Number of protein chains: 2
Amino acid sequence: MPWTPIEADSDWPLYVSVYKRIRHAIRGGLVEGKLPSKNQAAKLLSVSKVTIEQAYRQLVSEGYIHSRPRSGFYVNPGFMQRTPQNAARDEADFPPQFKSEYCFDLSTYAVATECFPFAVWSRLSRQLLSEESDKLLNSTPGKGILALRQQICGYLQNYRGVRAHPEQILLGAGTEWAASIFNLLFTRGQRFAIENPSYSKVWRILSAHGRDILRVPMCQDGIDLAALQKAKPDLVHISPAHHFPLGLVMPIQQRLALLKLAEQMDFYMIEDDYDCEFRFEGRPIPALKSLDGDERVIYLNTFTKSLAPSLRISYMLLPRTLLEKYERELSFYACTVPGFQQYVLARFMGEGHFSTHLKRMRRVYKDKHDALLEALRQSSLGKHLEISGEKAGLHFLLRLKGELNEAEMLSRAAAQGIKLSGLSEFYSPKINVPQATVLMGFAKLKPEELPELISRLQNAWSMP
Amino acid sequence: MPWTPIEADSDWPLYVSVYKRIRHAIRGGLVEGKLPSKNQAAKLLSVSKVTIEQAYRQLVSEGYIHSRPRSGFYVNPGFMQRTPQNAARDEADFPPQFKSEYCFDLSTYAVATECFPFAVWSRLSRQLLSEESDKLLNSTPGKGILALRQQICGYLQNYRGVRAHPEQILLGAGTEWAASIFNLLFTRGQRFAIENPSYSKVWRILSAHGRDILRVPMCQDGIDLAALQKAKPDLVHISPAHHFPLGLVMPIQQRLALLKLAEQMDFYMIEDDYDCEFRFEGRPIPALKSLDGDERVIYLNTFTKSLAPSLRISYMLLPRTLLEKYERELSFYACTVPGFQQYVLARFMGEGHFSTHLKRMRRVYKDKHDALLEALRQSSLGKHLEISGEKAGLHFLLRLKGELNEAEMLSRAAAQGIKLSGLSEFYSPKINVPQATVLMGFAKLKPEELPELISRLQNAWSMP
């Protein structure tokens, strides 16, 4: 059936018709094992060999087939390739997952990838690859390469007011890595606390590791110190620069009081500085770590927000006592970030491109932030809205005063193709959750999309 | 002191210098109570009123001062001076570390990086970067991109006789990732067992996670089944294709007996297939997983040996029951491998370069393996040597019959600039450790270095 002459279809190039027909046959289990050679297939389908080549190349790049040198092209498994009695079971076991398509993604994990400095990044990648150095291939030191840790120290000093020695910096792959290191640096009896509400990934991972996580409520200046004192934690996770999800910035008095409490009660803090780079009024506020004379703060940051989510490069700065423990017990850990990414990023920062990029992105995000807020205020929803947490970060909170509750806001927005998170999602237990409040992430939003977005939000939430 | 004329500093805007000076004075207790009005301060510092406004606004947002309507700006109470970290102390805390330099690296984690297909890898990287696609920047699915998981299924079917559905494949960053997933898939009460001797990284990580690890001795066909039965594990880690460090290949009868035992006693196995690609006699032996009708085997592999250690790409194939648990409890885990590496590798495999590379490396390693063995046998040490585990993998065992013990062999080799591991290092407890045996990793060895290496080994180990 797939290997019979094919007619051109005016809608697309001929090779696409060929590719689609073979793909369909593979998916249907009609074609398995080795494919006809390019010459054979060209004859069977009455098309040129070039057309077959293009079609095969497309099938390879999509993972349907693979090429074996001097042998030919073979269908990959995973497409009904099992024995007939198994085939039905496979399909039942692994049903295709349909994602609902949103037109507007206002989720908070998005970033403006359209601004990624591809040209510079590609040039540096090419440079490094052309040097063909052995160092790109061999394992890096467990903490990561020194050049990148030095660049990070420079960044911390210039942007976050933090002085660090490169030996205190560890690089690793994302929150997953960081949480597992926290888990290992503290004994099983030690108590972990986290703000309520909070970023759910960290506590989900630590819970999965079998940790009981204490939840400490927030007050308007940040974590509630009286509740924290009662919880008696050994480690507490906070985000003072821009609390997730509330968007609070912890004032200096609260910071100093927190440091004093940590010293008195002998606990450590994880300062999660995840989107500290973006602040829309005044200058970035120095990190809590910059005030940390007693070395109570583990500083944690990532390039997810400032560069791209796919990079998977996080880093932490350990206080000396914990660093000693790390060196003693965990220095056998290999760095989970590929060497190549480390070298590219080190050069990217070393040549000043990171500063340039941050400067640009601050402007880009400020424009997006201001435009969305202005459009919301000008809209017919304007007088029913209460905005908070809008001074920093890549999202703010929007409360709708009126009849709708949070779930209704979300489902009505979803029906209009708008993806949002509700604030209650980040509470556990769900105590004192502000009513009818959603998170508005604006990082991915393009100016030309604003009128349509606002019109849909009005449709979704307008009150009779 | 803070209220004297200020000079512009070319590094930052003038208001930042003003803000920093006042902040410094507040922290040092030099300024308290009410601040000069904006007009007064502008005169005192010889700057514009706008500059003072910006500086005061920043101090307000950080919580150093507050504004009282129709009265002015006041320093907030409660500052204490914290000692800044001292540079001299930094240097003393982190003395530079000197590594001894070896001329010959025969450690087992080395690979022949000089054979890495740089040209192809660079071309594919450039291609992908030039496509500037959004997909390179955004997070990948938690298990990794589908195209790469499909290519891995193709590889497993062609090279390891294993049929897998892409949904069963998870990608992650190295042994560190894999061990943490194992730790999470089994409850704390469940019992982990590992061969003695064994690759130390896996059990070190699981021990660090607080697991008690049962050690099961080896017999000449692989893990000792009687001892395994007594240990009653829930999960046991094995490397049947090429045991590390002994180099044993598990025979088919032992494999079948092991699978039967697993079914009877209801335990799972991790098949660590870390260097299965390289076998120097006969054809590659299919994976234990290929015989696993009852779905008892978690298959684990990596591109560390077959491509490069710096890649940090491992993968596992989960049996369906464990996959269900993963989906239910751990599907929130993000993939720890950067998206870009995943796309490059998927295209590399899809275009057939991985097959080509493996074919080439089998030849390269066979040549290195044969040359080293031949040179050792021809040397004056030849008649005192006993070689084992030499049929597969990138190292073999060398036993020296005579006066020297393992520690002496290692220190004498080190004095000659030769880096080796002793077999006893991988035993815990150190019971029935073969005498005077070291691991010879030959992956990095170049043919032209052989005469010098042999001469040094003769110097090191020659007996009077």
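All of these numbers come straight from a predicted model, not from anything done at the bench. (Residues numbered from 1 in each chain as written. Chains lettered and ligands numbered in written order. Predicted model: local features only at pLDDT ≥ 70, side-chain atom pairs only at ≥ 80, totals over all residues. Heavy atoms only, no water.)

Novice: So what's going on with the interface of chain A and chain B? Which residues, and what values?
Specialist: Facing 88 residues of chain A, the contacting portion of chain B comprises 89 residues. Buried area between chain A and chain B, summed over both chains or domains, comes out near 7800 Å², and the portion from carbon and sulfur atoms is 57%. Our count for the chain A to chain B interface comes out at two salt bridges. Between Lys444 of chain A and Asp134 of chain B there is a salt bridge, and its shortest N-O distance comes to 3.9 Å. Remark: the boundary between chain A and chain B carries 14 residue pairs in polar contact (both at pLDDT 80 or more). A breakdown of the residues in the side of chain A that touches chain B according to their chemical character gives 36 nonpolar, 25 polar and 27 charged. (Contact = heavy atoms within 4.5 Å. Buried area = accessible area lost by both parts, 1.4 Å probe. Salt bridge = Lys/Arg side-chain N within 4 Å of Asp/Glu carboxyl O. Polar contact = N/O pair within 3.5 Å; in protein donor to acceptor, adjacent residues only side chain to side chain. Nonpolar A, V, L, I, M, F, W, Y, C, P; charged D, E, K, R; others polar.)

Novice: Lay out the domain arrangement of chain A with the relevant residues and their values.
Specialist: All names here are of chain A. By the assigned domains, chain A splits into domain 1 (14-91), domain 2 (104-110 + 357-461) and domain 3 (140-348). Domain 2 and domain 3 are separated by 27 Å when their C-alpha centres are compared. At the interface, 25 residues of domain 2 touch 26 residues of domain 3. In total, about 2300 Å² of surface goes out of reach between domain 2 and domain 3, with carbon and sulfur atoms giving 63% of it. Among the residues of domain 2 in contact with domain 3, Arg362, Lys391 and Phe426 are the three that bury the most area, contributing 26% of the side total. Linking domain 2 with domain 3 are 11 residue pairs in polar contact (both at pLDDT 80 or more). A per-element tally of the side of domain 2 that touches domain 3 places helix α13 (residues 353-378) first, with seven residues. Of the residues contributing to the side of domain 2 that touches domain 3, the split by class is 14 nonpolar, seven polar and four charged. (Domains from an automatic or database assignment. Helix = DSSP H or I, 4+ residues; strand = E, 2+ residues; numbered from the N terminus.)

Novice: Residue-level account of the sheet that holds strand β8 (residues 235-238) of chain B, with values.
Specialist: All names here are of chain B. If you trace the eight strands from one edge of the open sheet to the other, you get β4-β11-β10-β9-β8-β5-β6-β7, paired in mixed fashion. The sheet is open, and its two edges are formed by β4 (169-172) and β7 (222-223), each paired on a single side. As paired elements, strand β9 (residues 268-272) and strand β10 (residues 297-302) share four bridges and run parallel to each other. Pairing of Glu271 across the sheet is with Tyr299, part of β10. Sitting on the sheet, helix α7 (residues 174-185) is in contact with β4, β5 (192-196), β8, β9, β10 and β11 (314-317), with an inclination near 30° to β11. In this fold helix α8 (residues 200-208) packs onto β5, β6 (213-219) and β8, with an angle of close to 160° to the strand it touches most, β6. (Pairing = 2+ DSSP bridges. Axes fitted to C-alpha atoms, helices over the stretch in contact; angles between N-to-C directions.)

Novice: Can you lay out the packing of helix α13 (residues 353-378) of chain B against helix α15 (residues 450-461) of chain B for me, pointing to particular residues and giving the numbers?
Specialist: Residues and elements named next belong to chain B. At a closest axis distance of 10 Å, the pairing of α13 and α15 adopts a crossing angle of 40°. Judged on the interaxial angle alone, α15 and α13 are oblique. The handedness of the crossing between α13 and α15 is right-handed. Each of Ala371, Leu372, Ala375 and Leu376 in α13 lies in contact with α15, whose residues at this interface are Leu450, Leu453, Ile454 and Leu457. (Parallel < 35°, antiparallel > 145°, perpendicular 65-115°, else oblique. Left-handed = near helix turned anticlockwise from the far one by under 90°.)

Novice: How would you explain the packing of aromatic side chains if you had to name every residue and give the values?
Specialist: All names here are of chain A. A full pass over the atoms with the stated rule returns 34 aromatic pairs over all chains. An aromatic cluster of three or more residues is present, and its members are Tyr155, Tyr159, Tyr299, Phe303, Tyr315 and Phe354. Above the ring of Tyr74, the side-chain terminus of Arg68 is found at 3.6 Å from the ring centroid. A cation over a ring is seen here: Arg211 above Phe192, with NZ or CZ 4.2 Å from the ring centre. (Phe/Tyr/Trp six-rings, centres within 6.5 Å; stacked < 30°, edge-to-face > 60°. Lys NZ or Arg CZ within 6 Å of the ring centre and 35° of its normal.)

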